[in-house]
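So you can see what is in the structure, the chains are spelled out below.
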Amino acid sequence: MLNPNPDKMKGKPEPVDVHVGRRIRMRRIWMQVTLTALADAIGVTFQQVQKYEKGTNRVGASRLQQIADALVAPVSYFFEDMPGAAPVGGDNRSGQKKLQPEIIEFASSDVGLALIRAFSQITDKRVRQGTVRNSVRWAGFIS
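Below, the structure is looked at part by part. (Residues numbered from 1 in each chain as written. Predicted model: local features only at pLDDT ≥ 70, side-chain atom pairs only at ≥ 80, totals over all residues. Heavy atoms only, no water.)

**A short note on the overall build of the protein**
So, step 1. Helix and strand counts for the protein come out as seven helices and zero strands.
So, step 2. Tracing the protein from N to C terminus, the helices and strands come up as α-α-α-α-α-α-α.
So, step 3. Buried positions account for 26% of the 143 residues belonging to the protein.
So, step 4. Taking the intrachain contacts of the protein between residues at least 6 apart in sequence as the baseline, contacts between residues at least 24 apart amount to 56%.
So, step 5. Approximately 10,300 Å² of the protein is accessible, and the part contributed by carbon and sulfur atoms is 57%. (Helix = DSSP H or I, 4+ residues; strand = E, 2+ residues; numbered from the N terminus. Buried < 20%, exposed > 50% of the residue type's maximum accessible area, 1.4 Å probe, protein only. Contact = heavy atoms within 4.5 Å. Areas by Shrake-Rupley, 256 points an atom, 1.4 Å probe, with all protein chains shown as cover.)

Here is the structure:
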């Protein structure tokens, strides 16, 4: 029989709920979907979507499927790059590296998403490379 974990702090979101919420928010903003539009699509209030995105309220399986459908993403997308999670199958057969938590946090922020969106709209490879080179030089990483 399973016993409740006495160390669990009441009121504090579980890390997996926070991660899933960040991924929901990141995908919603990337797809340029408002809180209200997503809420309407899944049949909840925009406040409820805010709670999902903060990890305050846990997203159930059927609701996560609705969110995935509304945001045109597989359910697995919301669990990708979760800190501390083992790769599916126990090893990383895809050859992909795990993203650092700070990268995920930046990419899910308003500024990060705006920067990613703007950069992805640059179609000329030379302009992209120059932008990166100048940004890195400006930040003092190279001279």
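Moving on from the model shown.
**Here's the deal with the side chain of aspartate 17**
So, step 1. Within the secondary structure, aspartate 17 sits in helix H1 (residues 15–30).
So, step 2. When near neighbours in sequence (up to four residues on either side) are disregarded, aspartate 17 contacts Tyr52, Gly55 and Arg58.

**A look at H1**
So, step 1. The terminal C-alpha atoms of H1 lie 22 Å apart, and with 16 residues this matches the ideal 22 Å at 1.5 Å per residue to within 8%.
So, step 2. Those residues of H1 lying buried are Asp17, His19, Val20, Gly21, Arg23, Ile24, Met26, Arg27, Arg28 and Ile29.
So, step 3. Buried residues along H1 sit against helix H2 (35–42), helix H3 (46–54), helix H4 (61–70), helix H5 (101–107) and helix H6 (110–120).
So, step 4. Just past H1, the residue glutamine 32 takes up positive phi, approximately 55°. (Expected span 1.5 Å × (residues − 1).)

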